[in-house]
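Chain and residue survey
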Amino acid sequence: MKKTVQQVANWLQQEAVNGQQEWITGVSINTRTLQPGDLFIPFKGEKTNGHQYIQQAIEAGATATLWQKDEPNMPTNIPVILVDDAEEALQQMAKAYRAEHQATFIGITGSNGKTSTKDLLAGTLMPYYKVQKTEGNFNNQLGMPLTILSLDEDTEFAILEMGMDGFGQIEFLTKLAKPHHVIITNIGEAHMEALGSRAGIAKAKFEIIQGLQENGRLFFDGDEPLLQELVAQEKGLQTTSFGFESTNDLYADQIETNEEGSQFEVHGLLNGQFMIPVLGSHQVKNTVAVMGVAHTIGLTDDQIRTSLKQVSLTNMRMQLVTCGSLLFINDAYNAAPTSVRAALTFMSTTQMRPNKWVVLGDMLELGEQEEQYHHDLIESIDFDEIQTICLYGSRMKVLYAAIQTQYPTVDVVWSEQAYEPIIQKIEQQADEKTMILLKGSRGMALETILKHFQ
Ligand code: ATP
Ligand code: MG
């Protein structure tokens, strides 16, 4: 972006002091990553107060700063825009910049697969358009506005991830982003605590249509009855369903995987064979959503086929990692029942290596039913296919006990707190015929196990 201090002050309908004509070329909330030309946005949290870092911001080259009116010691050596609340000001700036921006905006929500779908869509459009997307997982009420403000003026497609942990949050984000198209990747069980039920989760995700532009389109997981119901109630909404069921507008089948990735057949709006250098049928499903969007915005089947061959995902999502003779599938970024089941399904169907191990870490934030969810994973483990199961974390104890009782001959270990017993088992018993899935919630940091072998 390129705005004068006064122009930004006008966006905020606030006063600028100590200078009005300097150019602001970006915004930053962190003095360590602040770039010369940025507007510094000092947040006041419970523990820290960004206003205290103003000198560091100036040294790093900030052009100007926001300053909350209730804060003392307003600096005099840098242009200042006075605001009531820095977070609200950030959102208001993003809204104003969004309103001026010519790009096509695409919003993505869902319980699992938002980041993956964002990366897959960006990778698909990138060879043909100037595309920018949410960095990492910047998907909340701060991250999304920051992403919008980081868009270059000539960007043609802006792909925004929208996350939530309660009602009203997606509504807030989508009304700010005003997307031209939106995707709901799936409905899982994450954030049951705040939303009560899967139906509650579906409703919260469905808020994304509230900001959809006229003539915009919703792409949704048509294998999910809860979403079908919500769509049926929405008269006049343009939709494209995707998934694996042949009732969808676009669906995939005949999925095959090898060390190159996944090949699959697509039917409906597009037809034919496609491949992605990514593993897991759930990633094929995300890809089908992406193909729907790419088709709608006018890419040809061949353009889509070509770019899908070279897409890549953010780290730790079904990532193939070879360490010496061992093959790991690093899916340790996060875990909730749906995504664990998806990863387990992949493990039971892949023929990449004959000896298949899974290392499963606790799934966090599941609320009152967490014990049940951990226990029920027993239904998703294919004991004929999976040779060894390593469980990590206190919540996995119930699954450990259930496996020992129901499948007494299965090779299973459980470690409550230490990675070492699992590392040792891998060191002693895994070999060039073994592939090992690592899957657990972020807090369990299962990549620690992988680091030991790298
Ligand atoms: P977060 O809420 O943490 O931002 P996210 O929705 O962005 O998560 P990803 O980071 O893409 O999701 O993936 C999280 C996990 O879910 C990964 O383990 C991934 O393999 C799995 N996953 C991705 N897509 C799907 C899907 N459509 N269905 C089930 N699991 C999926
Ligand atoms: Mg994400």
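Residues numbered from 1 in each chain as written. Chains lettered and ligands numbered in written order. Predicted model: local features only at pLDDT ≥ 70, side-chain atom pairs only at ≥ 80, totals over all residues. Heavy atoms only, no water.

Our working rule: UniProt positions are given in the numbering used here, feature names are shortened, and annotations may be inferred rather than shown by experiment.
An unreviewed UniProt entry lists the protein under the name UDP-N-acetylmuramoyl-tripeptide--D-alanyl-D-alanine ligase, from Kurthia gibsonii. Note on the protein: under the UniProt heading Function (unreviewed entry), the record states "Involved in cell wall formation. Catalyzes the final step in the synthesis of UDP-N-acetylmuramoyl-pentapeptide, the precursor of murein." Among the UniProt annotations of the protein, the heading Pathway (unreviewed entry) holds the following wording: "Cell wall biogenesis; peptidoglycan biosynthesis."

A short note on the domain arrangement of the protein
Our working rule: Domain delimitation follows an automatic or database domain assignment.
For the protein, the assigned domains are domain 1 (3-84), domain 2 (101-308) and domain 3 (319-453). Computed from C-alpha atoms alone, the centre-to-centre distance between domain 1 and domain 3 is 47 Å.

What about the pattern of salt bridges?
Note the following rule: Each reported salt bridge corresponds to a side-chain nitrogen of Lys or Arg within 4 Å of a carboxyl oxygen of Asp or Glu. The helix and strand labels rest on DSSP assignments: H or I over at least four residues marks a helix, E over at least two residues marks a strand, and numbering proceeds from the N terminus. Buried residues are those whose accessible area, probed at 1.4 Å on protein chains only, stays under 20% of the maximum for their type, while exposed residues exceed 50% and partly exposed ones sit between those limits.
Evaluated as defined, the whole model comprises 21 salt bridges. E171 is the salt-bridge partner of K175, the closest N and O atoms lying 2.7 Å from each other. Here E171 and K175 lie together in helix α6 (residues 169-177), a separation of four residues that amounts to about one turn. On the basis of relative accessible area, E171 is assigned to the partly exposed category, the value being 26%. As a salt-bridge pair, R305 and D302 come within 2.9 Å of each other at their nearest N and O atoms. Note that R305 and D302 are positioned in helix α11 (residues 301-308) at a spacing of three residues, about one turn of the helix. For R305, a relative accessible area of 21% corresponds to the partly exposed category.

Quick look at the site of ligand 1
Let me state the cut-off plainly: Nearness of a residue to a molecule or strand requires only that one of the residue's heavy atoms be within 4 Å of it. Identification of polar contacts relies on pairs of N or O atoms within 3.5 Å, with a donor-acceptor requirement for protein atoms, meaning one able to donate a hydrogen and the other able to accept it, and with residues adjacent in sequence counted only if both atoms are side-chain atoms. Accessible areas in this description were obtained via Shrake-Rupley with a 1.4 Å probe; residue shielding takes into account the shown protein chains only. Amino acid classes used here: Ala, Val, Leu, Ile, Met, Phe, Trp, Tyr, Cys and Pro are nonpolar; Asp, Glu, Lys and Arg are charged; the rest, including Gly, are polar.
Close contacts around ligand 1 come from 21 residues, with K114, T115, S116, R317 and K439 the closest. Contacts to ligand 1 include G113, whose backbone N or O atom sits 2.9 Å from an oxygen atom. N286 places a side-chain nitrogen or oxygen 2.9 Å from a nitrogen atom of ligand 1. Protein burial of ligand 1: of its 630 Å² of free accessible surface, 92% is covered by the chains. Elements supplying a minimum of two residues to the shell around ligand 1: α4 (114-125), α10 (281-296) and α12 (337-349). Taken together, the residues of the shell around ligand 1 break down into three nonpolar, 13 polar and five charged. Domain assignment of the residues forming the shell around ligand 1 places at least three in each of domain 2 (101-308) and domain 3 (319-453).

Describing the sheet that holds strand β10 (residues 157-161)
Applicable threshold: Strands were regarded as paired on the criterion that DSSP finds at least two bridges between them. Think of each axis as a best-fit line through the C-alpha atoms, taken over the contacting stretch in the case of a helix, with angles from 0 to 180 degrees between the N-to-C directions. Contacts between residues were defined by any pair of non-hydrogen atoms, one from each residue, lying within 4.5 Å.
An order of β9-β10-β8-β11-β12-β13-β14-β15-β16 is seen for the nine strands of this open sheet, with the pairing classed as mixed. Looking at strand neighbours, the two that pair on one side only are β9 (131-133) and β16 (272-276), the edges of this open sheet. The sheet shows a mean angle of 20 degrees between the axes of neighbouring strands, taken without regard to direction. Bridge analysis of strand β8 (residues 104-109) against strand β11 (residues 181-184) gives four bridges, and the strand direction is parallel. What sits directly across from I108, in β11, is I183. Contacting β11, β12 (217-221) and β13 (238-243), helix α9 (residues 225-232) runs over the sheet at an angle of about 155 degrees to β12. Against the sheet, α10 touches β8, β11, β12, β13, β14 (250-258), β15 (261-268) and β16, its axis set at about 135 degrees to β14.

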